[in-house]
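Residue-level structure breakdown
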Amino acid sequence: MPDFISEFLEFTKAYESPTQFFRWAIIAGVAATLRDNCYLPLAGTRLYPNLYILIVARPAMRKANPLNSTLKLLKYVHNTKIIEGRTSIQAVIKRLGEVERNKHGTALQGASGIVYAEEISSLFTEDDATIPVLTDLYDFHEDYTSSLVTRESTKMKNVVITLLAASNEELLKPIFNSRAIYGGLLSRCLIVYGDRVRHRNSLVFEDPNDYDPSELRVMLQKISMLKGAFKFTKDAAVFYDHWYTSVCPELEKKNSGTGADGRIHTNILKVAMIVAVSSRCELVLTVEDIKKAIEICQELYINYKRLTLGSGKNKDAEVQVTILKILWEEENHKLSREEIMFKCWGDVSDEGLDVISRTLQAGGLVKVWEDIKLKKQMFELTPKSIQFFEEKNAKPS
């Protein structure tokens, strides 16, 4: 089977919305489709691939199309509960506790579902319980009883919830207050930012016949039939264990105060499961799946700082200085793009590094080129930068 996520991105490439909006919307779609059918056993616990995805952009940034395209596919497969529109946390719990039937008459058992909101503020009605309950529902619960609904308590089984929502920074501020940021909800969300459309396309010359989603429907339907436990290949287990014990602690030292740093490994495993079923429709995690999950999750971690601290030119300048310093500290004063992204985890996005590299090149401070042999983009200090650091270090303190 072709890679489902790649096929979805190809299918939607004509639209102007940022590519990362489509990528993460369909990742949420696959997570919802897997529901409580698949899990990764870790000792005596089970990790399910559900995710909380929040797309953030200014108005008119085409947030709706990626979400709608995903929702249409989910409604076609319809193997999990879909909760959309203006609602409340009480109504969400009530729906999850009910037995529903899909369009084929099949009963949707259990409390697996996706909460879908094109504007997340529509979910946050005047109810102080929304933030703590959403935080709690992120984790799997074999049995869950809620007394929020005033008429009677609601009992749920096998709670596996995915959230796919969007907003802009202004509407998000009153929602992601200190309770959400420091109480655990923010750390459970993967925040996806987009600052500009990827291209301009009026769509008037696009042939509607080229936009038949039948193949995507078949692929997602096949994914929905998977059931059981994921397993690591031997190499993948060794690779992840090394990353978790040696690399992850260094990332956690960055401590943003939101708790996101401590959940890096959880999100990477969840995304790796989705990458695996998307690329091969099997419940086996390979080294490549984990590497891909690390790569695409890494791009998002700067967004926690942006959401809590804001963004601006001063922060870009700080990252520029950091990159120059880490290049100086290398014996040959050069690093690959991947190595820089790792060393600047949580401080710069992939898109942000493009902007910074252009600035540093324009200033004659860094040389950037493609290493054909290594198949990597390389960054190297110029003689101008090296002379600056040598003279600086030669001065008496």
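Summary of the structure given here. Everything quoted here is computed from the prediction, not taken from an experiment.

1. Let's talk about the overall build of the protein chain
Secondary structure summary: the protein chain contains 17 helices and 16 strands in total. What you see for the protein chain is a C-alpha radius of gyration of 22 Å, in line with the 21 Å of a compact globule of 397 residues. Dimensions of the protein chain, computed from C-alpha atoms along their principal axes, come out at roughly 75 × 50 × 45 Å. Relative to its full complement of 397 residues, the protein chain shows a buried share of 51%. On the protein chain, roughly 19,300 Å² of surface is accessible, and the fraction owed to carbon and sulfur atoms is 51%. Averaging the positions of the 52 positive and the 52 negative side-chain charges in the protein chain gives two centres separated by 2 Å.

2. Quick word on unusual backbone geometry
With a phi close to 35 degrees, Arg35 is a non-glycine residue in the positive phi region. Along the chain, Arg35 falls in the loop between helix 2 (19-34) and strand 1 (38-42). Its relative accessible area of 9% is what places Arg35 among the buried residues.

3. Some thoughts on the sheet that holds strand 11 (residues 228-229)
Sheets are built from strands that pair by backbone hydrogen bonding, the pairs being arranged parallel or antiparallel. The 3 strands lie next to each other as 2-1-11, forming an open sheet whose pairing is mixed. The outermost strands of the open sheet, each flanked by one partner alone, are strand 2 (45-47) and strand 11. Direction of pairing for strand 1 relative to strand 2: antiparallel, over a ladder of 3 bridges. Residue pairing for strand 2: Pro41 is matched across the bridge by Arg46.

4. Notes on the nonpolar core
Counting residues in each nonpolar core, the largest one holds 110 residues, and the members touching the most others are Trp24 and Phe176. When residues of this core are assigned to their parent elements, the largest contribution, 11 residues, is made by helix 2. Those residues in contact with Trp24 that sit more than four places away from it in its chain are Ile53, Leu190, Val192, Val271, Ile296, Cys297 and Leu300. Grouped together as the second largest cluster of nonpolar side chains are 18 residues, Leu327, Ile356, Phe379 and Leu381 included.

5. Topic: the sheet that holds strand 16 (residues 376-381)
Taken in spatial order, the 3 strands line up as 14-16-15 in an open sheet, and their pairing is antiparallel. Of all strands in the sheet, those with a lone pairing partner are strand 14 (334-336) and strand 15 (366-371), marking the two edges. Going across the sheet, the axis of each strand differs from the next one's by a mean of 25 degrees, ignoring polarity. When strand 14 meets strand 16, the two strands line up antiparallel, connected through 3 bridges. Along strand 16, the bridge assignment pairs Lys334 with Glu380. Set on the sheet, helix 16 (residues 350-362) makes contact with strand 15 and strand 16; between it and strand 15 the angle comes to about 120 degrees.

The rules behind each value
- Residues numbered from 1 in each chain as written.
- Predicted model: local features only at pLDDT ≥ 70, side-chain atom pairs only at ≥ 80, totals over all residues.
- Heavy atoms only, no water.
- Helix = DSSP H or I, 4+ residues; strand = E, 2+ residues; numbered from the N terminus.
- Rg over C-alpha atoms; globule rule 2.2 N^0.38 Å.
- Buried < 20%, exposed > 50% of the residue type's maximum accessible area, 1.4 Å probe, protein only.
- Areas by Shrake-Rupley, 256 points an atom, 1.4 Å probe, with all protein chains shown as cover.
- Lys, Arg positive; Asp, Glu negative; His and termini not counted.
- Charge placed at Lys NZ, Arg CZ, Asp CG, Glu CD.
- Pairing = 2+ DSSP bridges.
- Core = buried A, V, L, I, M, F, W, Y, C linked by side-chain atoms within 4.5 Å.
- Contact = heavy atoms within 4.5 Å.
- Axes fitted to C-alpha atoms, helices over the stretch in contact; angles between N-to-C directions.

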